[in-house]
Amino acid sequence: MGFQPSFVPVKYRVLFHSSLVAEQILGKKAFQVFGGLYFRNHLLKKLSEHLKESPEPSPIEVDRRESIDPETFQNEYFSAGKPLIFSGAARNWPCVKKWNLDYFSAGYGDRDLLLVNAEGLTSRSALPGFEFLPLRRLVESIRHKGEKYLRFSPLIHENPELAKDLDLEWLERMRGGRTFASTYYMFLGGAGQKTLLHNDQPCNLYVQVCGEKKWTLFSAKDSTLDRKSTRLNSS
């Protein structure tokens, strides 16, 4: 897992986010009338030129901790917006011991799943908006090296017995008191599937139940880059 340190200068971050605040206060129409959209586009153009002329910083390795108490995690990582790998934290959870393709195909094969295709998130080209298919068919696709990939699925919420296979107490302790609500999303796909660059709003605790997943994380300070007009320059 690689973590890209921030490389957007403070002045660009301040001006860009100030324009977002102004748009919320004035409304989209008034914002455009007063030249706000022109200002933002000009700012992003200047940022793009700056990035082309600046050396790209080398990714840094994400910290790994075998054990860490919630208070230390909250103070040293959560509050600092710094990612952390909890090495082996879920090795004894029931989900790690039970969940696999056979388990879901046999126990939940008839459950209909919603697969959503979103341009810019799941693909760089326009695709049909969504499709429904039984979980058993998704498993078959994965086994035959197909491209179907279940993302952001509420399967765990819809089947509470699956949530019991997670260590919910551990997740609650690590989540801390500065976030609200708990939402569990499931991702299920084969080798080579990916989700494109995007910005997650809440804090995430991601449990890798089986297989491997490669991550490239960017500093939250660089959320300016997660815009359509600068995506080509932030790949």
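Residues numbered from 1 in each chain as written. Predicted model: local features only at pLDDT ≥ 70, side-chain atom pairs only at ≥ 80, totals over all residues. Heavy atoms only, no water.

Draft legend 1. Quick look at helix α1 (residues 10–26). Given a rise of 1.5 Å per residue, 17 residues ought to cover 24 Å, and the 24 Å separating the end C-alpha atoms of α1 matches this to within 8%. All of the buried residues along α1 are Tyr 12, Arg 13, Phe 16, Ser 19 and Glu 23. Taken down its axis, α1 places every buried residue within 130° of arc, on the same side. Within α1, the exposed residues directed more than 90 degrees away from the buried face are Val 10, Lys 11, Gln 24 and Ile 25. Contact partners of the buried residues in α1: α2 (28–33) and α3 (36–53). Gly 27, located one to two residues past α1, shows a positive phi value of around 95°. (Helix = DSSP H or I, 4+ residues; strand = E, 2+ residues; numbered from the N terminus. Expected span 1.5 Å × (residues − 1). Buried < 20%, exposed > 50% of the residue type's maximum accessible area, 1.4 Å probe, protein only. Arc of directions from axis to C-beta. Contact = heavy atoms within 4.5 Å.)

Draft legend 2. Region of interest: the pattern of salt bridges. As enumerated under the stated definition, the model contains 10 salt bridges in all. Two residues, Asp 63 and Lys 82, come together in a salt bridge whose shortest N-O distance is 3.2 Å. Note that Asp 63 is positioned in strand β3 (residues 63–65) and Lys 82 in the loop between α4 (70–78) and β4 (84–86), a separation of 19 residues in sequence. A relative accessible area of 28% means that Asp 63 is categorised as partly exposed. In this structure Lys 82 comes out as partly exposed when scored by relative accessible area, which is 39%. With a shortest N-O distance of 3.9 Å, Arg 65 and Glu 76 are connected by a salt bridge. Here Glu 76 lies in helix α4 and Arg 65 lies in strand β3, a separation of 11 residues in the sequence. (Salt bridge = Lys/Arg side-chain N within 4 Å of Asp/Glu carboxyl O.)

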